[in-house]
Amino acid sequence: MLLQSKLPQVGLTIFTQMSQLANAHNALNLSQGFPDFDASEALKEALQRHVQAGQNQYAAMTGVPALREQVASKIARLYRNPVSAEHEVTITPGATQALFCAIQTLVRVGDEVIVFDPCYDSYEPAVTLAGGRCVHIALNSEGFSVDWQMFAEALTDKTRLVIINSPHNPSGALLSHADLNQLAELIRERDIYLLSDEVYEHLVFDGQSHSSVLAHEELYQRSCVVSSFGKTYHVTGWKTGYMVAPAKLTAELRKVHQYVSFCAVTPMQHALADFMQAQPQYVDQLPAFYQQKRDQLCQALQHSRFSFTPSASTYFQLLDYRQIRDDLSDVEMAHWLTVEHGVASIPLSVFYQQPPKDQFLLRVCFAKREDTLTLAGEVLCAI
Ligand SMILES: Cc1ncc(COP(=O)(O)O)c(C=O)c1O
């Protein structure tokens, strides 16, 4: 039988490749985006408690009500949007599943979906499976801002969905409220939906604030906003996230969600609900927590031959290596750095349809313990 791939372009992701290479060479793994420190004891104890108490069967399809309530009250507090826990919030097995459901819900055969490069890798395969086509717009190479003129020129009658990601992986750039206003103006008269990937919503530094689509009254009416408990509570392996959308859109999102996974994992949802209720202010200390890690890495690299602008958000830092090896592509450099120097990173070109020429950037993750960052600093400074 001939097995015709529906995703012929897709292979093993660079994240898996680099982690495998890091393991094979016993390298410091700054490639994949997850913490090497543990979640809070209170959260882990809550999980144990709920498992012991028998919360081990299917949860409600839309999510455990207590967790949806906690999400809704956080959104009301931070973004002043009184979303309905019952009709607008859906808990999913990770943000990835929420993104997939939103894309399957909204994209029809032949539709165009605008994405901004460098772009998180899960969007395009989901668009392809839905029969749509991604139209890639490159962010400005300085500062990774959006060229709204270029965006306006990319709009066609087939444009159905725009996917934005702020705080932005891999660059750490932020969309401002003015950016959201521009976007709203440009799609106002068109039948275009917005998918806003905000999984790093709480990781914003230097006193800046996150401009959420949830806080943009006009855009929210045509949006699905996605976030992840994994990033916020240091539990990426729990694969628990959520999507928020106006009631009519949520009803359609849930039709897809119930046949992709039906529900998210039950005891995780109860544990997160307890933790959020007990410590609603937990998210307010996250910027300082991660900014300290960013600063530790940046200070350690101050006298290295890497050049960089401290990341404005997320837990990623871009490093320009051209002063060290401008003869190597970023993929070669990431490989060389892992094999020869024992530090794994992610080359930026993998986030592009067409990587810019003369770009020498690697992404490193600073969601790491103090000793890991100290060691990484020492190794990278010696190169
Ligand atoms: C931009 C972005 N969106 C979505 C995700 C996926 O989140 P989750 O682990 O909750 O599926 C990630 C994880 O790295 C991410 O960086």
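What counts and how
Residues numbered from 1 in each chain as written. Predicted model: local features only at pLDDT ≥ 70, side-chain atom pairs only at ≥ 80, totals over all residues. Heavy atoms only, no water. Helix = DSSP H or I, 4+ residues; strand = E, 2+ residues; numbered from the N terminus. Rg over C-alpha atoms; globule rule 2.2 N^0.38 Å. Buried < 20%, exposed > 50% of the residue type's maximum accessible area, 1.4 Å probe, protein only. Contact = heavy atoms within 4.5 Å. Areas by Shrake-Rupley, 256 points an atom, 1.4 Å probe, with all protein chains shown as cover. Lys, Arg positive; Asp, Glu negative; His and termini not counted. Charge placed at Lys NZ, Arg CZ, Asp CG, Glu CD. Near = heavy atom within 4 Å. Polar contact = N/O pair within 3.5 Å; in protein donor to acceptor, adjacent residues only side chain to side chain. Pairing = 2+ DSSP bridges. Disulfide = S-S within 2.5 Å. Right-handed = clockwise from strand over helix to strand, strands pointing away. Phe/Tyr/Trp six-rings, centres within 6.5 Å; stacked < 30°, edge-to-face > 60°. Axes fitted to C-alpha atoms, helices over the stretch in contact; angles between N-to-C directions. Parallel < 35°, antiparallel > 145°, perpendicular 65-115°, else oblique. Left-handed = near helix turned anticlockwise from the far one by under 90°. Nonpolar A, V, L, I, M, F, W, Y, C, P; charged D, E, K, R; others polar.

With respect to the overall build of the protein
Part 1: For the protein, the helix and strand inventory stands at 14 helices and 12 strands.
Part 2: In summary, the protein has a C-alpha radius of gyration of 21 Å against a globular reference of 21 Å for 383 residues, a match within 12%.
Part 3: With the principal axes as the frame, the protein shows a C-alpha extent of 55 × 55 × 55 Å.
Part 4: Buried positions account for 55% of the 383 residues belonging to the protein.
Part 5: Taking the intrachain contacts of the protein between residues at least 6 apart in sequence as the baseline, contacts between residues at least 24 apart amount to 75%.
Part 6: Of the roughly 17200 Å² of accessible surface on the protein, a fraction of 50% belongs to carbon and sulfur atoms.
Part 7: A gap of 5 Å separates the mean positions of the 28 positive and 40 negative side-chain charges of the protein.

Here we look at the site of the ligand
Part 1: Inspection of the region around the ligand gives 13 residues, with Thr-96, Asp-197, Tyr-200, Lys-231 and Lys-239 positioned closest.
Part 2: The backbone of Ala-95 places a nitrogen or oxygen atom 2.8 Å from an oxygen atom of the ligand.
Part 3: Side-chain polar atom of Lys-231 to an oxygen atom of the ligand: 2.7 Å apart, as the coordinates give it.
Part 4: In the complex, the protein chains occlude 92% of the 400 Å² of accessible area that the ligand would expose alone.
Part 5: Top element by residues in the shell around the ligand is helix H4 (residues 95-106). It accounts for 3 residues.

Let's talk about the environment of Leu-180
Part 1: Residue position: Leu-180 is located in helix H7 (residues 177-187).
Part 2: Among the residues examined, Leu-180 registers a relative accessible area of 1% and is labelled buried.
Part 3: Each C-alpha atom, one on Leu-180 and one on Leu-219, is 7.8 Å from the other, the two residues being 39 residues apart in sequence.
Part 4: When neighbours within four sequence positions are excluded, Leu-180 is seen to be in contact with Ile-164, Leu-175, Ser-211, Ser-212, Val-213, His-216 and Leu-219.

Focus: the sheet that holds strand S11 (residues 346-347)
Part 1: The 3 strands lie next to each other as S9-S12-S11, forming an open sheet whose pairing is antiparallel. Single-partner strands in this sheet number two, and they are strand S9 (316-320) and S11.
Part 2: When S9 meets strand S12 (residues 361-365), the two strands line up antiparallel, connected through 5 bridges. Within the sheet, the bridge partner assigned to Phe-316 lies in S12 and is Cys-365.

Side note on the state of the cysteines
Think of a disulfide as a covalent bridge from one cysteine sulfur atom to another cysteine sulfur atom.
Part 1: Throughout the structure, instances matching the rule amount to 0 disulfides.
Part 2: With no disulfide of its own, Cys-263 lies closest to Cys-101 among cysteine sulfurs, the gap being 12 Å.
Part 3: Looking at Cys-263, the relative accessible area reads 10%, which means it is buried.
Part 4: Of all cysteine sulfurs, the one in Cys-298 lies closest to Cys-365, which takes part in no disulfide; the gap is 13 Å.

So, the pairing of strand S5 (residues 159-165)
Part 1: Among the 7 residues in S5, 7 count as buried, and that is most of the element.
Part 2: Judged from the 3 bridges that link them, strand S3 (residues 112-117) and S5 form a sheet pairing that is parallel. Bridge assignment links Ile-114 to a residue of S5, and that residue is Val-162.
Part 3: As paired elements, S5 and strand S6 (residues 193-197) share 5 bridges and run parallel to each other. Across the sheet, the residue bridging to Ile-164 is Ser-196, located in S6.
Part 4: Once the chain exits S5 it traverses H7 before rejoining the sheet at S6, and the crossover so formed is right-handed.

Brief notes about the packing of aromatic side chains
Part 1: Within this structure, the stated rule accounts for 20 aromatic pairs.
Part 2: Ring plane angle 75° and centroid distance 5.8 Å describe the contact between Tyr-200 and Phe-316, whose orientation is recorded as edge-to-face. On the criterion of sequence distance, the pair formed by Tyr-200 in the loop between S6 and helix H8 (217-220) and Phe-316 in strand S9 is long-range, its members being 116 residues apart.
Part 3: We classify Tyr-200 as buried; its relative accessible area is 3%.
Part 4: Taking 6.2 Å as the distance between ring centres and 50° as the angle between the ring planes, the aromatic pair formed by Phe-205 and Phe-366 counts as tilted. Here Phe-205 is found in the loop between S6 and H8, whereas its partner Phe-366 is found in the loop between S12 and helix H14 (370-381), with 161 residues between them in sequence. Comparing Phe-205 with Phe-366 shows no difference in burial state: the two are buried.
Part 5: Among the aromatic residues, those joined into a cluster by ring pairs are Phe-37, Tyr-200, Phe-289, Tyr-290, Tyr-315 and Phe-316.

Looking at the packing of helix H12 (residues 286-300) against H14
Part 1: In the contact formed by H12 and H14, the axes pass within 9 Å of each other and the chain directions differ by 25°. As far as their axial angle goes, H14 and H12 are roughly parallel. In the crossing of H12 with H14, the sense of the turn from one axis to the other is right-handed. Packed against H12, whose contacting residues are Lys-293, Gln-296, Leu-297 and Ala-300, the element H14 presents Glu-370, Leu-373, Thr-374, Gly-377 and Cys-381 at the interface.
Part 2: In the contact of H12 with H14, the residues fall into 4 nonpolar, 3 polar and 2 charged.

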